[in-house]
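Survey of secondary and tertiary structure
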Amino acid sequence: LRRNLFEALSAHIREAKKIPTLPETHLNKGSALHITPKWRLKTDDASVLKGVDLSKIDEVIIEISAHSSADDFSFLPKEKVRLALPVIIRSQAIEKTVHHLYEHGYHKWQIGNWGGLRLIPSKAETDIDFDSTVPVLNTQAVAFADEAGAGGITCSPEDTYDNIQKLLSSSLHTTLIVYQDTPLFLSANCIRPNTCADCTHQTERYTLSTGKERFEAVSKECLTTVIKNEPFYIGHLINNLSPEWLRMDFCNRAYTSAQINRLIQIIQAGKPLKSSYSGNFKKSFA
């Protein structure tokens, strides 16, 4: 009986003309097909921006920590700044920091996980953007994020060109990351050779190698982030894609102001980079 049932079920699956799917959901916020994208720049080191030409950058996103203060980015126009919560939050102290920064007039925020919604004051003037680590890979997820209070969503660097094109038609408030040192993984296990009692609590970097590929392990805030030796980059591949925002990230790696200025020119010109990878962008989920 079990064998007969399995064979009948297998035959039914093979004969199915298409896989059942949920209907696409549109938010009726207009089409993003004919707009000129604005530029966002994200960093986890605000001090490096003092030497960066931001004249062609419309918004700066700064990842904060529990130790952040309004003085750290007071040199930037407040209306141009969006503050981002870390993807992983392990300290309750950051809640006090968030309220401190909110009281100083920073009302534009970005969250990297659903728990971030609880930390940000829910007031009318609050603008909350969802980062790519809050996965939005179909129009149903876009609608759910909208219901949850997202002012905008960010396409995943693991997404494909065809799928991103569908998402852009469902919501105007969409960000596409074109340059990023995408974390391969994050771990609470410490890579440092010292004990916690002997830790300096400064950012440490370690080079890892498989023989064929090199990686960098970044130890910061009691977390280890591993990134590839080359960045994710699709700035030269985004023809006919027009999100509201294009974003370049300078997080995780230790960038200098000069390096960022040079990369901004290359990325905004849509030129290829000598050493980079494009992930799934040119592939298909089918």
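Now for a description of the structure that goes with this document. Worth saying up front: this structure is predicted, and the values here are computed from it rather than measured.

Right, let's talk about the environment of Asp159 for a bit. Summarising the element assignment, Asp159 is placed in the loop between β6 (153-154) and α5 (161-170). Distance from Asp159 to Asn138, taken between C-alpha atoms, is 10 Å for residues 21 residues apart in sequence. Within the structure, Asp159 has its side chain in polar contact with the side chain of Asn163 (distance 3.0 Å).

A few words now on the environment of Ile164. The residue Ile164 is located in helix α5 in this model. For Ile164, a relative accessible area of 1% translates into the label buried. In this structure the C-alpha to C-alpha distance between Ile164 and Leu176, which are twelve residues apart in sequence, comes to 8.6 Å. Those residues in contact with Ile164, other than ones at most four positions away along the chain, are Cys155, Asp159, Leu176, Leu241 and Phe281.

So, on to the environment of Leu76. Looking at where Leu76 falls in the secondary structure, it is placed in the loop between β2 (59-63) and β3 (81-84). Note on Leu76: relative accessible area 9%, which makes it buried. Ignoring any residue separated from it by four or fewer positions in sequence, one finds Leu76 in contact with Leu49, Leu54, Val60, Ile62 and Val81.

The next thing to look at is the pattern of salt bridges. All chains considered together, the criterion is met by 16 salt bridges. Glu59 serves as the salt-bridge partner of Arg40, at 2.7 Å between the closest nitrogen and oxygen. A residue pair is termed long-range when its members are at least 10 positions apart, and Arg40 in strand β1 (residues 38-43) and Glu59 in strand β2 qualify at 19 residues. For the residue pair Arg40 and Glu59, the accessibility class agrees, reading buried in each case.

What counts and how
- Residues numbered from 1 in each chain as written.
- Predicted model: local features only at pLDDT ≥ 70, side-chain atom pairs only at ≥ 80, totals over all residues.
- Heavy atoms only, no water.
- Helix = DSSP H or I, 4+ residues; strand = E, 2+ residues; numbered from the N terminus.
- Polar contact = N/O pair within 3.5 Å; in protein donor to acceptor, adjacent residues only side chain to side chain.
- Buried < 20%, exposed > 50% of the residue type's maximum accessible area, 1.4 Å probe, protein only.
- Contact = heavy atoms within 4.5 Å.
- Salt bridge = Lys/Arg side-chain N within 4 Å of Asp/Glu carboxyl O.

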